[in-house]
Every structure is written in structure tokens, then in C-alpha cells.
Amino acid sequence: MKVLFIPGNSPYPVFSHTPLATAVRNAGHQVLMGGIDWVLPNIASVGLPPIEISPLSVEEVAAFMGAMPSDPVEWARFVGRGYAEIAVSSLERLLALSEHWRPDLVVGGGMFYTAPILGHHLGIPSVRLEWDRIDTAMYDPGAEEVLAPVLAELGLDKVPEPDLWIDVCPPSLQPERPRPARPMRWIPGNPQKRLEPWMYTKGDLPRVYITAGTRLFSGDALKGLAENVAKLGVEVIVGAPESVAAELRDELPGVRIGWVPLDILAPTCDVIIHHGGGGTDMTSIHAGVPQIVAKPEYPTEATARIVEYGAALLVDGGEETAQDVTDALRRVLGDPAFTERARELSRELAALPTPNELVSDLEKLVADRA
């Protein structure tokens, strides 16, 4: 069968879909992965064939992010509209692709509305594969404003439901879902680089990893946080794109800064500090490492659940945020209960069906539709 994956508009959705896409290809099926221009190198970096669905560049993405409203409700509407606009604009390219390479199945992320609409157009099954634990329903109102005319042309009053919903959340952190989902073990799918011994070797000091995710265009916030954390006498590693890392290295001597394969590094860490991104959260859970979510981009139920579970702390304050982070770090490093709870979640995740086991579900969808 031919399977088209359309994960999302930034590098992380690509990485989150990579294990299942690879499993499908390893089972002998043909796979393409679609993305905006910015993420095509990321698709190629994980060994999958990239296809452009939109010419959006990294500069345009940065401008979009810079224009986001500060109000959380308006912010969610803004993002939802942006994703929906890409879904609408990419349909023409994907329908043209289908004239020459017609997929039997399309797999999309939770807020990547392209997949179910394309599936409806072509009369093929669509699959929703969650990127992480974050509920994307908050973006739907903004998306609906853009999608309404397109859906009306198709005789639809809403985005079609997926034929299969795949969820990667550990059972203990599971929110209520509007419909049953097939569980799947989340496995890191990030690209690799030549490893150095320090990346997989734990030293004598507690190791703290700090990151603000893959959509980082400035290192200002990371600099102050890393300086404060380093005062606690811990080993600090800062994960950042090379464009940001280059400007930080001179200002943070003694701190390793740059892109590191987090699936390799995470098991050596004692705490991971991040911005609330789903990829870092899931990698931390996979590795059994407690988290500190510092000044997240957006408040999520996913963060609240892991804090309530006891495997993370949330720092979301005003001017004293940097000091609050170091206070939280002292608390996590001083209480082994945080690590034990994180390891419990890791064991739960490891018990879920692997991507290889999900391939037969996809094959059945195609066979039943045929």
C-alpha cells in the first residue's frame, strides 16, 4: 500500500511521526511524508522521502510566530487559522500528487487538518496520530473559520472524523477523549549526529538539560536561565538550534550548547527544564526523567496532569521566574519521589503497543475500504 504522512508545520511533528512511518516502510509499503518548505530537510534527515505541500519558509514561520497575540484565546484562534490556511492551500498540490502517486491511506497530526480533508476528497481512510499528550482542540475554533467554505463545498459541516485515532499518552496521564483511540508506544524519532562520549555518559554532578524547543529563533531567554541554574553546582547542557547556539557559546563559557540527540542524552539527565513542548515532555517520559516546565508558551491540561502526578513542576510567574526555576530545581533534585514517578510513567509508556504492531491496523483499514 501507499501511505502519505502529513505530520505538521514544524520539525517536531515530523520527528513524532517518524517511528510509525518507518515501521510502515519497513513492512514493505511505500511512504511519502509531506511538509512545508521549512521542514523538508528535517524529513530527509530521518531517512524519509519529503514532498513539499507548501512553500512556507523558516522566515515566514518566524514572522508568523512573531505576530501571535498575547491573549491565550486569541493566540489559539490565530494558530488554528494558520494551520487551516495551510491545509486549504496545500490541497491543490496534494490532489496533483495523487494523480501520479495516489495514496491508499493518509496519516496526519491532531491539528493538521489536511489529512482528513484529503482523505475525504480521495475516498481513502485517514488516521489521526497524536504528536504527544497536548490536546489540540483549543485550535479548532480558529481553524473552523477558515475551513467552513471548503467543507461546505464538500457537503460537510465539520472536519471528517479519522477512521483510526492513535494516542501516545501513558494511561496515568490520559485525559477524556471524545472517542476511543488505539494506544501506541511513543518512541523518539529525532535525527542523529556523530556522538561524543559525554552525550551518553553520566558524570559526577547532577545533569540538567535546558531547551526551548525546535522553533527557537533567539537565545535571550535561555542565557539567563542557564546562568542561574549553573550557580547551583550542576552540569548544564543547553539544547538549541545552531543559529542560536553560536551566539550563546561566548556568553556561557563552560556550558555545552547546541543540538544534541535528546533520545541519547535524556537517560543521563537528572532533570529536564523546558518550555512545555510536547516533544521534550514525551522524551522525558520515555527516559523516566522528571521535568520542570518553565514559563510555558501556553497553558495545557497535559502539563497540569504530569504536575499532579508528581513527575514535574510548573514555574509560570512574572519577573522572578529565573529564581523560581532554581528553587524548583533544588526541590526536584532533593526529592527522589519525582524521579520515581517519572520512571513509573516510563514503564507505562514502554508497555504500550509498538509502532510495528500498529502497521497491521493500517493495513486492515486499507483492505476494508477496498
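Look above for the structure.
Let us look at the structure shown here. Each chain carries its own residue numbering, running from 1 in the direction its sequence is written. Per-residue local features of the predicted model are confined to residues with pLDDT of at least 70, and side-chain atom pairs are confined, for both listing and counting, to 80 or more; whole-chain, interface and lining totals are unaffected and use all residues. Water and hydrogen atoms play no part in the side-chain values, which are based on all heavy atoms of the structure.

### Looking at the overall build of the protein chain
- By definition, any uninterrupted DSSP run of H or I lasting at least four residues is a helix, any uninterrupted run of E lasting at least two residues is a strand, and each is numbered from the N terminus. The helix and strand tally for the protein chain stands at 15 helices and 13 strands.
- Throughout, the radius of gyration refers to the C-alpha atoms, and the reference size of a globule is 2.2 Å times the residue count to the power 0.38. Expected size for 370 residues packed as a compact globule is a radius of gyration near 21 Å; at 20 Å, the protein chain falls within 12% of this value.
- Taken along the three principal axes of its C-alpha coordinates, the protein chain extends 60 × 40 × 40 Å.
- Taken across its 370 residues, the protein chain has 54% of its residues classed as buried.
- Counting only contacts in the protein chain whose residues sit at least 6 apart along the sequence, the fraction spanning at least 24 positions is 67%. Per-residue accessibility, obtained with a 1.4 Å probe over protein chains only, is compared with the maximum for each type, and a residue is labelled buried under 20%, exposed over 50%, and partly exposed between these values. Here a residue-residue contact requires only that any non-hydrogen atoms of the pair lie within 4.5 Å.

### Quick notes on the packing of helix α4 (residues 72-100) against helix α5 (residues 114-122)
- Only the stretch in contact is used when a helix axis is fitted, and all axes are lines through C-alpha atoms; the angle between N-to-C directions ranges over 0 to 180 degrees. Where α4 contacts α5, the axes come no closer than 10 Å and their chain directions differ by 45 degrees. Classified by the angle their axes make, α4 and α5 are oblique. Crossing hand, α4 versus α5: right-handed. Only Thr114, Ile117, Leu118, His121 and Leu122 of α5 make contact with α4, whose side of the interface consists of Ala87, Ser90, Leu91, Leu94, Leu95 and Ser98.
- Only Asp, Glu, Lys and Arg are considered charged, only Ala, Val, Leu, Ile, Met, Phe, Trp, Tyr, Cys and Pro nonpolar, and every remaining residue, Gly among them, polar. Looking at the contact of α4 with α5 residue by residue, the class counts come to 7 nonpolar, 4 polar and no charged. Oblique is the label for any angle not covered by the other classes, which are roughly parallel (under 35 degrees), roughly antiparallel (over 145) and roughly perpendicular (65 to 115). Left-handed describes a crossing whose near helix is turned anticlockwise from the far helix through less than a right angle; right-handed describes the clockwise counterpart.

### Focus on the packing of aromatic side chains
- Side-chain rings of Phe, Tyr and Trp (the six-membered ring for Trp) are treated as a pair once their centres are within 6.5 Å; stacked means planes under 30 degrees apart, edge-to-face means over 60, and tilted covers the remaining angles. The full count for this structure, using the stated rule, is 2 aromatic pairs.
- Between Tyr83 and Trp131 the ring centres are 6.4 Å apart and the planes differ by 45 degrees, which places this aromatic pair in the tilted class. Of the two residues, Tyr83 is situated in helix α4 and Trp131 in the loop between β5 (126-129) and α6 (140-153); the sequence distance between them amounts to 48 residues. With respect to burial, Tyr83 and Trp131 carry one shared label: buried.
- Whether a charge sits over a ring comes down to the Lys NZ or Arg CZ being within 6 Å of the ring centre and within 35 degrees of the ring normal. In this structure, Arg341 is placed above the aromatic ring of Tyr309, and the distance from its NZ or CZ to the ring centre is 3.8 Å.

### Focus: the pattern of salt bridges
- The rule for a salt bridge is simple: a side-chain nitrogen of Lys or Arg has to be within 4 Å of a carboxyl oxygen of Asp or Glu. Counting across every chain of the model gives 17 salt bridges.
- The residue Asp163 makes a salt bridge to Arg369 at a minimum N-O spacing of 3.1 Å. Here Asp163, found in the loop between α6 and β6 (164-167), pairs with Arg369, found in helix α15 (residues 355-369); they are 206 residues apart in sequence, far enough to count as distant.
- Arg369 gets classed as partly exposed once you look at its relative accessible area, which sits at 42%.
- A cluster of three or more residues bridged by salt bridges with shared partners is formed by Arg77, Arg81 and Glu145.

### Notes on the side chain of Arg207
- Relative to the elements of secondary structure, Arg207 occurs in strand β8 (residues 207-211).
- Counted as a polar contact is a pair of N or O atoms within 3.5 Å, where, for protein atoms, one must be capable of donating a hydrogen and the other of accepting one, and residues adjacent in sequence contribute only when both atoms are in side chains. Side-chain polar atoms of Arg207 contact the side chain of Thr268, separated by 2.7 Å.
- Once residues within four sequence positions are removed from consideration, Arg207 is found in contact with Trp198, Met199, Thr201, Lys202, Glu235, Ile237, Leu265, Thr268, Cys269, Asp270 and Val271.

### A look at the pairing of β6
- Neither face of β6 is open: one carries Leu164 and Ile166, the other Trp165 and Asp167, and all of them are buried.
- Strands are treated as partners if at least two bridges between them are detected by DSSP. The sheet contact formed by β5 and β6 spans 3 bridges and is parallel. Looking at β6, one finds that Arg128 is bridged to Trp165.
- Think of it like this: strands point away, you trace from the first strand over the helix to the second, and a clockwise trace means the crossover is right-handed. The β-α-β motif built from β5, the intervening α6 and the parallel element β6 has right-handed crossover chirality.
- The sheet contact formed by β6 and strand β7 (residues 182-183) spans 2 bridges and is parallel.

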